[in-house]
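Understanding the architecture of this molecule
Here is what each chain is made of, one letter per residue.
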Amino acid sequence: MNRDKLIQSKQLWAREGRLLVPREQLGEAKRLPPGQHLVRDWPVLDIGTEPNIMQADWHVTIGGKVGQPVDLGWRDFSNLPQRDSVSDIHCVTGWSRYDNQWRGVSTGDLLAVVKPSWEARFVILRSFDSYSTTLSIEDFSHSAAILATHWSGKPLTRSHGAPVRLILPHLYLWKSAKWLRHIWFTDKDAPGYWEQRGYHKRGDPWRQQRYGSSS
Ligand SMILES: Nc1nc2c(c(=O)[nH]1)N[C@H]1C(S)=C(S)[C@@H](COP(=O)(O)O)O[C@H]1N2
Ligand SMILES: [Mo]
């Protein structure tokens, strides 16, 4: 292409506003983290075995560096304040799903019960399928974090982690342990299942913290 032609087409681009993202789409572009695509259905992802835990048999053990270790059964858990929240979820394999309706116990309300000591810097989550993942206590305490029992007004299905799973919408979904069994507060970082297999320690989708310890 000669120079005149290039100049002409660049003038045309200026008139057309080429590559300008329309204002009404800007919100959308900011809502979807880089490299993600939107899905309507809710995919199921896990390491293979889906434990079948009845509410009556379920309990979660919470301990480590806390003032008040507890072992909560379904009844105890249901007596904690129940909250509703709506959030978007982002899986590191590339899908995101908007506007998920959750019901459950906020991590803040749980922290008020167990009272972590000043030494607690990390939270290790362990599940009935032997999955584990580790978070900083700041990430676990995020205001949008919820120990979910319900999605869209119905109890979580077995595949999605019934009876209780974490939902931590501000990080990639591998941090959101399904079939929750243990919540352990520690002073030492201990990489979990995916963190040991090449995934990022933290997993912020907005910073594309997918692998290794990039950024
Ligand atoms: N217990 C347990 N929790 C888990 C997993 C798992 O294998 N076991 N997989 C994680 C991963 S990688 C993702 S993407 C999400 C998927 O949750 P979903 O199946 O409800 O979409 O669960 C996370 N929590
Ligand atoms: Mo995942």
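Parameters at a glance
- Residues numbered from 1 in each chain as written.
- Chains lettered and ligands numbered in written order.
- Predicted model: local features only at pLDDT ≥ 70, side-chain atom pairs only at ≥ 80, totals over all residues.
- Heavy atoms only, no water.
- Helix = DSSP H or I, 4+ residues; strand = E, 2+ residues; numbered from the N terminus.
- Buried < 20%, exposed > 50% of the residue type's maximum accessible area, 1.4 Å probe, protein only.
- Near = heavy atom within 4 Å.
- Polar contact = N/O pair within 3.5 Å; in protein donor to acceptor, adjacent residues only side chain to side chain.
- Areas by Shrake-Rupley, 256 points an atom, 1.4 Å probe, with all protein chains shown as cover.
- Nonpolar A, V, L, I, M, F, W, Y, C, P; charged D, E, K, R; others polar.
- Contact = heavy atoms within 4.5 Å.

Observations concerning unusual backbone geometry
- Here the residue pair A162 and P163 is connected by a cis peptide bond, since its omega of 0 degrees sits within 30 degrees of zero.
- Counting through the fold element by element, P163 comes out in the loop between β9 (154–155) and β10 (165–167).
- You will see that K115, though not glycine, has its phi angle at about 50 degrees, which is positive.
- Non-glycine residue Q208 carries a positive phi angle of around 50 degrees.
- If you trace the backbone, Q208 turns up in the segment after β11 (180–186).
- Classification of Q208 by relative accessible area gives partly exposed; the value is 40%.

Things to note about the site of ligand 1
- The environment of ligand 1 is made up of 20 residues, and the closest members are P43, D129, H160, R165 and K178.
- Backbone polar atom of I47 to an oxygen atom of ligand 1: 2.8 Å apart, as the coordinates give it.
- Taking K178, its side chain carries an N or O atom lying 2.6 Å from an oxygen atom of ligand 1.
- For ligand 1, the accessible surface in isolation is 540 Å², of which the surrounding protein chains cover 98%.
- Of the residues that constitute the shell around ligand 1, the class distribution is 13 nonpolar, three polar and four charged.

Some words on the environment of I146
- Of note, I146 is situated in strand β8 (residues 146–151).
- Its relative accessible area of 3% is what places I146 among the buried residues.
- Separated by 18 residues in sequence, I146 and V164 place their C-alpha atoms 9.8 Å apart.
- Apart from residues no more than four positions distant in its own chain, I146 is found in contact with R83, S85, W102, R103, G104, V105, S106, R165, L166 and I167.

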